[in-house]
Amino acid sequence: IYPIYYIVVALVFLASLASPIKPPFDWRALSLFPYGGTTYPLGVEWTLVFEIAFYVFVALLIWFRKTGSAVSFLVGWLALVLLNNILRPDNPQVNVYHPFLLPFVTVNVGFAMGMLIPLVWRDRSVHPVLAAVLAVTLFYVGSSLGVMQVRWCMGVGAALLVHSLTHHVPTWTRPVVDAVGDRLGGYSYAIYLCHVPVVRTLYAVWTDATPMTLFWSAVGLTFLVSALVGEVDIRLYRQLKNRVDRWSAGIRRTFAMLFLLAFAGATWLSI
């Protein structure tokens, strides 16, 4: 998560020298730890805070040897999220949260369901086409009700769709389609990081274009920039992972512990 994120942030600050978009700088935001602020340079990192917190949750399950009880913890977590939604529904105008509230926001549903469904359906899944139909249906139902409801529906639908894809064995193969799909999947994180800065910069610079021209230009430029960044991300990840895999178990545990301590310290300071 971090290496390519910092590269994109550096590129955005570099582009700001010739762009009217001036991203804010706050080292606490760059940590991706909970701190309750809004000064994210890319404008999308607030969701990464939930992702990092989820990884810490998984790490603690492993650390305390509670992976066998993961289903119970996940069901309990979802129940607490639901209870919080009933008592204080999510505010659609708020994207950052105090550390006490962070675990109970509906954004967590996607992470919890993404882990829960494979644990419950270890060797079973629905057909990907049916999963896609269910996911889209859930999205439309949720979006007609509100932000809280659509996050629940999207979390369940997305987890169900990904689970079905990972378990489906196709009866036919298309090498070109597989290669393109695999590459686009590799670019997905780059698209996530790049799309908001690209769209904001293009709209700020190209002020005399028609809305339709701006829209399609933003889509095309986002994919172009994301493909370049995505290639760097794929290669960088492969090299870093190979290097980490060669470390001893003790070194890996040490770095994991240091990260957990940093997360805990940053969270405590923000509280």
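Small disclaimer: the values here were computed from a predicted structure and weren't measured.

**Side note on a nonpolar patch on the surface**
Reasoning step 1: Where nonpolar side chains cluster on the molecular surface, the patch consists of Val244, Trp247, Ile251, Phe255, Leu258 and Leu261 and spans about 530 Å² of accessible area.
Reasoning step 2: Counting residues per element, the nonpolar patch draws most heavily on helix α10 (residues 249-270), which supplies four residues.
Reasoning step 3: Within the secondary structure, isoleucine 251 sits in helix α10.

**Topic: the packing of aromatic side chains**
Reasoning step 1: A complete count under the given rule lists 18 aromatic pairs for this structure.
Reasoning step 2: With a centroid separation of 5.5 Å and an interplanar angle of 70°, the aromatic rings of phenylalanine 139 and tyrosine 140 are classed as edge-to-face.
Reasoning step 3: For phenylalanine 139, a relative accessible area of 35% gives the class partly exposed.
Reasoning step 4: Relative accessible area serves as the criterion here: at 56%, tyrosine 140 is assigned to the exposed category.
Reasoning step 5: By way of ring pairs, the aromatic residues Tyr2, Tyr5, Tyr6, Phe33, Phe259 and Phe263 are connected into one cluster.

**A short note on the nonpolar core**
Reasoning step 1: The biggest cluster of nonpolar side chains holds 22 residues, and the ones touching the most others in it are Tyr5, Val8, Leu42 and Leu193.
Reasoning step 2: For this core, the leading source of residues is helix α1 (residues 2-15), giving six residues.
Reasoning step 3: Once you skip the residues sitting within four places of it in the chain, valine 8 turns out to touch Leu42, Leu193, Cys194 and Val229.
Reasoning step 4: With 17 residues, the next largest nonpolar core counts Phe57, Trp77, Leu78 and Val109 among its residues.

**As for the environment of serine 19**
Reasoning step 1: Structurally, the position occupied by serine 19 is in the loop between α1 and α2 (27-31).
Reasoning step 2: When its relative accessible area of 7% is taken as the criterion, serine 19 is described as buried.
Reasoning step 3: Residues serine 19 and alanine 204, 185 residues apart in the sequence, show an inter-C-alpha distance of 7.9 Å.
Reasoning step 4: At a separation of 3.1 Å, a polar atom in the side chain of serine 19 contacts the main-chain amide nitrogen of isoleucine 21.

**Some remarks on unusual backbone geometry**
Excluding glycine, most residues fall at negative phi; most peptide bonds, likewise, are trans.
Reasoning step 1: The phi angle at leucine 32 is positive, at roughly 65°, despite the residue not being glycine.
Reasoning step 2: One non-glycine residue with positive phi stands out, namely arginine 65, at about 55°.
Reasoning step 3: Locating arginine 65 in the fold gives a position in the loop between α3 (46-63) and α4 (70-87).
Reasoning step 4: When its relative accessible area of 75% is taken as the criterion, arginine 65 is described as exposed.

**Re the environment of phenylalanine 100**
Reasoning step 1: In this structure, phenylalanine 100 sits in the loop between α4 and α5 (108-120).
Reasoning step 2: You can call phenylalanine 100 exposed: its relative accessible area is 53%.
Reasoning step 3: Separated by 171 residues in sequence, phenylalanine 100 and isoleucine 271 have C-alpha atoms that sit 7.9 Å apart.

**So, the environment of leucine 14**
Reasoning step 1: For leucine 14, the position within the fold is in helix α1.
Reasoning step 2: On the accessibility criterion, leucine 14 (55% relative accessible area) is exposed.
Reasoning step 3: It is 26 Å that separates the C-alpha atoms of leucine 14 and isoleucine 52, two residues lying 38 residues apart in sequence.

**Brief notes about helix α7 (residues 147-167)**
Reasoning step 1: For α7, which comprises 21 residues, the first-to-last C-alpha distance of 30 Å matches the rise-based estimate of 30 Å (1.5 Å per residue) to within 8%.
Reasoning step 2: Along α7, the residues classified as buried are Met148, Val150, Arg151, Cys153, Gly155, Gly157, Ala159, Leu160, His163 and Ser164.
Reasoning step 3: Next to the buried residues of α7 lie α3, α4, α5 and α6 (128-143).

**Observations concerning the pattern of salt bridges**
Reasoning step 1: One pass over the full model with this rule turns up five salt bridges.
Reasoning step 2: The residue arginine 151 makes a salt bridge to aspartate 90 at a minimum N-O spacing of 3.2 Å. Of this pair, arginine 151 sits in helix α7 while aspartate 90 sits in the loop between α4 and α5, and the two are 61 residues apart along the sequence.
Reasoning step 3: When its relative accessible area of 16% is taken as the criterion, arginine 151 is described as buried.
Reasoning step 4: Residue classification places aspartate 90 among the buried residues on the basis of a relative accessible area of 11%.
Reasoning step 5: Arginine 183 serves as the salt-bridge partner of glutamate 231, at 2.9 Å between the closest nitrogen and oxygen. Linking glutamate 231 in helix α9 (residues 211-245) with arginine 183 in helix α8 (residues 175-205), this pair joins segments that are 48 residues apart in sequence.
Reasoning step 6: For arginine 183, a relative accessible area of 32% corresponds to the partly exposed category.
Reasoning step 7: One network of salt bridges, in which partners are shared, links Arg183, Glu231 and Arg235.

Rules of the game
Residues numbered from 1 in each chain as written. Predicted model: local features only at pLDDT ≥ 70, side-chain atom pairs only at ≥ 80, totals over all residues. Heavy atoms only, no water. Patch = residues over 30% accessible without salt bridge, like charges linked within 9 Å, V, L, I, M, F, W, Y side chains within 5 Å. Areas by Shrake-Rupley, 256 points an atom, 1.4 Å probe, with all protein chains shown as cover. Salt bridge = Lys/Arg side-chain N within 4 Å of Asp/Glu carboxyl O. Helix = DSSP H or I, 4+ residues; strand = E, 2+ residues; numbered from the N terminus. Phe/Tyr/Trp six-rings, centres within 6.5 Å; stacked < 30°, edge-to-face > 60°. Buried < 20%, exposed > 50% of the residue type's maximum accessible area, 1.4 Å probe, protein only. Core = buried A, V, L, I, M, F, W, Y, C linked by side-chain atoms within 4.5 Å. Contact = heavy atoms within 4.5 Å. Polar contact = N/O pair within 3.5 Å; in protein donor to acceptor, adjacent residues only side chain to side chain. Expected span 1.5 Å × (residues − 1).

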